Amino acid sequence: MTGAVSRRLGLRLAAVTAVALVVQLLPGSGMSARGQETRKTLAYDCVLPSGSRRVEVAVAATFPARGAVALPIRPQSAGVTVRLPAGVVGELLPEATAALSGTATLVTAVTQGRQRTQAQWAGLTAAETPRPQDSDVELRFTGDVPQVTAGSAGDVTFAARDLELTLATRQEPEPARLSCAPAPGTDTLLATVPVAAPAPPTPDATAEPDGTDRPPQGIEVAPAPRATTGPRATTGECPAEPPRGSLDPERLPEVPAGAEVTENEPTSLCAVPVGFATIRKLKGSTIVNDPRGPRVGLMHLAFNVREVAAPGYQEYDHLGRIDLPDAESTFLTFGFQPTTAKVRFEAGPATVVNIVREGRPTMTRVGYHQHLRLYDVRVGGVPLPVGPRCRTARPIDTRLTGTYPVSSGGLLQGELEIPPFTGCGSAGEDLDPLFTAAISGPGNALRIQQGRVCTGSSCRNAIPKPPDL
């Protein structure tokens, strides 16, 4: 009897932990809630042939709000912005230089107690930037940076150290190099991430440890991801045939009086949507269709299914099929409990309306319904039995608007009302009320950057950057 009570209590505690899990997952694809955003302007001394020159360097990144032993800490949205005085550029590059690009490597000092190591933010790249005449030039270097894993509990600090720059032009075959270090007395601390000890095993855990999940000794720095000026992910090819189906009449605007309506044979085009969703109840944001993941989903369009024309009014209607990859996340719940889960997006057909009015901005509206299904939930490595039918009780009515033409892409925004959950739990445990209380409700913001339309394999180069939060 005591064992049964202990097991039931352990399952109930795991269910409560899963509530925080779902808040982090819906409706994104693999990123945890917003952490601590750092932007710090530092003074650096750079070595030139003529001597040392002071340069302004701004370091920006989003660090996790907290961490856990043996779970990786990876700064996101990392960037280094360097403001180079005109004299520095003039000394390093030819006078006729009209634009320059480059790469940067920032060494960061990572410390936990007496443990110290370095993580190199290598391969950061800056796009070609015009060089103003007789004024400073500002280069922004961005890219992926390595993750750090702590083997014990305690604060992990990140601080900026040496900076190496290469500056390239179209005229010069060899780039110029610039070595810089923080000026004396500069506060270089970027972030402090508290790392919590792992949770103790549950009372009814039966698995024997095999030694494969032992935490690292000290601080480990993983190899940096490969440098890239764009997304790492790839998409499939846009199909040659357009999707079939019907436009949703409830999402179509009222036809103006006297307008001419034309039904067309649509063209097959695609677009990549990426962005952020914010869960109001926990004030956390997640990334949708992560452009840095292994695969990015497409919105397949039957382009120009219908046209509506009237004086001063033109409307183009498209049918879309949205295919987003399942989300898989690993993060902390309650600040200490490692939790993983997967979310499947079950989206119905989308109706995409593009309206052009004389004297007004072009308007785009996207509307569709989708269920969110949760599966393969693990709390501290122990499966949580949510069952095969754990999903929203009814489809989420998704409505987004933006001021841009669909062909070129742009920013879509809207708010979602997340319905209650149903079918969650097994073995007599009803987890629906917990999931519903934690996340269901109105006012959940969604910001999506739609990429330009593309065909065939060209969609692999049409993945936009996520919008700002």
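Keep in mind it's a predicted model, so treat the numbers as computed, not measured.

J.: Help me understand the overall build of the chain, please; the structure alone is not making it clear to me.
T.: Looking only at helices and strands, the chain features three helices and 29 strands. For the chain, the proportion of its 469 residues judged to be buried stands at 47%. Carbon and sulfur atoms provide 50% of the accessible area of the chain, an area that totals close to 22,400 Å².

J.: Which parts of the structure should I look at to understand the packing of aromatic side chains?
T.: Geometrically, a pair of aromatic rings is defined through the distance of the ring centres and the angle of the planes. Under the counting rule described, the total for this entry stands at one aromatic pair. With 5.0 Å between their ring centres and 45° between their planes, Phe63 and Phe158 make a pair best called tilted. Separated by 95 residues along the polypeptide, Phe63 in strand 2 (residues 51–63) and Phe158 in strand 10 (residues 154–168) bring together distant segments of the chain. Here Phe63 and Phe158 have matching classes, each one buried.

J.: I'm lost on the pairing of strand 22 (residues 350–357) in this one. Help?
T.: For a regular strand, side chains alternate in direction, first toward one face of the sheet and then toward the other. Counting buried positions over the eight residues of strand 22 gives six, a clear majority of the element. When strand 19 (residues 313–323) meets strand 22, the two strands line up antiparallel, connected through eight bridges. Bridge pairing in strand 22 places Tyr313 opposite Arg357.

J.: Help me out: how do you make sense of empty space enclosed by the protein in this one?
T.: Within this structure, the stated rule accounts for two cavities of 30 Å³ or more. Around the largest cavity, the lining is made up of 16 residues, and of these Pro273, Ile322, Tyr368, Leu400 and Ile448 lie nearest the centre. Among the residues making up the lining of the largest cavity, the classes are represented as 14 nonpolar, two polar and no charged.

J.: I'm lost on the nonpolar core in this one. Help?
T.: Generally speaking, a soluble globular protein has its nonpolar side chains buried in company with each other. Membership of the largest hydrophobic core comes to 47 residues, with the highest contact counts inside it found for Val82, Leu84, Trp121, Phe158, Leu163 and Leu178. Ranked by residues supplied to this core, first place goes to strand 10 with six residues. What Leu178 contacts, discounting residues up to four positions off in sequence, is Cys46, Val47, Leu48, Leu84, Val88, Leu92, Leu163, Glu164 and Leu165.

J.: How should I be thinking about the pairing of strand 18 (residues 298–310) in this particular structure?
T.: Along strand 18, eleven of the 13 residues are buried, which leaves the element largely enclosed by surrounding structure. Strand direction decides the pairing type here: strand 14 (residues 260–263) and strand 18, joined by four bridges, are antiparallel. Along strand 18, the bridge assignment pairs Val261 with Val308. Direction of pairing for strand 15 (residues 267–271) relative to strand 18: antiparallel, over a ladder of five bridges. Considered in strand 18, the bridge of Leu269 is made with Leu301.

J.: What's the story with the pattern of salt bridges in this structure? I'm lost.
T.: Opposite charge on two side chains lets them pair, provided their charged atoms get close. With the rule as written, the count across this model stands at 14 salt bridges. For Glu346, the salt bridge is made with Arg391, and the minimal N-O distance between the two is 3.0 Å. Taken as a pair, Glu346 in strand 21 (residues 337–347) and Arg391 in strand 25 (residues 391–392) lie far apart in primary sequence, 45 residues in all. Given the relative accessible area of 24%, Glu346 is considered partly exposed.

J.: How do you make sense of the sheet that holds strand 13 (residues 219–221) when you look at a structure like this?
T.: What links the strands of a sheet is backbone hydrogen bonding, and the strands pair in either a parallel or an antiparallel sense. Pairing within the open sheet is antiparallel, and its three strands lie in the order 4-9-13. With one partner strand each, in any of the chains shown, strand 4 (72–73) and strand 13 form the two edges of the open sheet. Here three bridges tie strand 9 (residues 148–150) to strand 13, and the two strands are oriented antiparallel to one another. Looking at strand 13, one finds that Val148 is bridged to Val221.

J.: Whenever I open this one, the state of the cysteines confuses me. Can you help?
T.: Simply put, the disulfide is a covalent bond whose two ends are the sulfur atoms of two cysteines. Here the structure, examined in full by the defined rule, presents four disulfides. Here Cys46 connects covalently by a disulfide to Cys180, the sulfurs 2.1 Å from one another. Taking the sign of the S-S torsion, 105° for the link of Cys46 and Cys180, the bridge is right-handed. One end of the pair, Cys46, is in strand 1 (residues 36–48); the other, Cys180, is in strand 11 (residues 176–182), with 134 residues separating them in the sequence. Owing to a relative accessible area of 4%, Cys180 belongs among the buried residues under this scheme. Paired by a disulfide, Cys238 and Cys270 hold their sulfur atoms 2.2 Å apart. Residues Cys238 and Cys270 are joined through a disulfide that is right-handed, its torsion about the S-S bond being 85°. Of this pair, Cys238 sits in the loop between strand 13 and strand 14 while Cys270 sits in strand 15, placing them 32 residues apart in sequence. Look at Cys238 and you get buried, because its relative accessible area is 7%. Counting only the cysteines that take part in disulfides, in the order they occur along the chain, gives the pairing 1-2, 3-4, 5-6, 7-8.

What counts as what
- Residues numbered from 1 in each chain as written.
- Predicted model: local features only at pLDDT ≥ 70, side-chain atom pairs only at ≥ 80, totals over all residues.
- Heavy atoms only, no water.
- Helix = DSSP H or I, 4+ residues; strand = E, 2+ residues; numbered from the N terminus.
- Buried < 20%, exposed > 50% of the residue type's maximum accessible area, 1.4 Å probe, protein only.
- Areas by Shrake-Rupley, 256 points an atom, 1.4 Å probe, with all protein chains shown as cover.
- Phe/Tyr/Trp six-rings, centres within 6.5 Å; stacked < 30°, edge-to-face > 60°.
- Pairing = 2+ DSSP bridges.
- 1 Å grid on protein atoms, 1.4 Å probe; cavity = no way out; pocket = protein on both sides within 12 Å on 5 of 7 lines; lining within 4 Å.
- Points joined across faces, edges and corners; volume = space filled by probe spheres on them.
- Nonpolar A, V, L, I, M, F, W, Y, C, P; charged D, E, K, R; others polar.
- Core = buried A, V, L, I, M, F, W, Y, C linked by side-chain atoms within 4.5 Å.
- Contact = heavy atoms within 4.5 Å.
- Salt bridge = Lys/Arg side-chain N within 4 Å of Asp/Glu carboxyl O.
- Disulfide = S-S within 2.5 Å.

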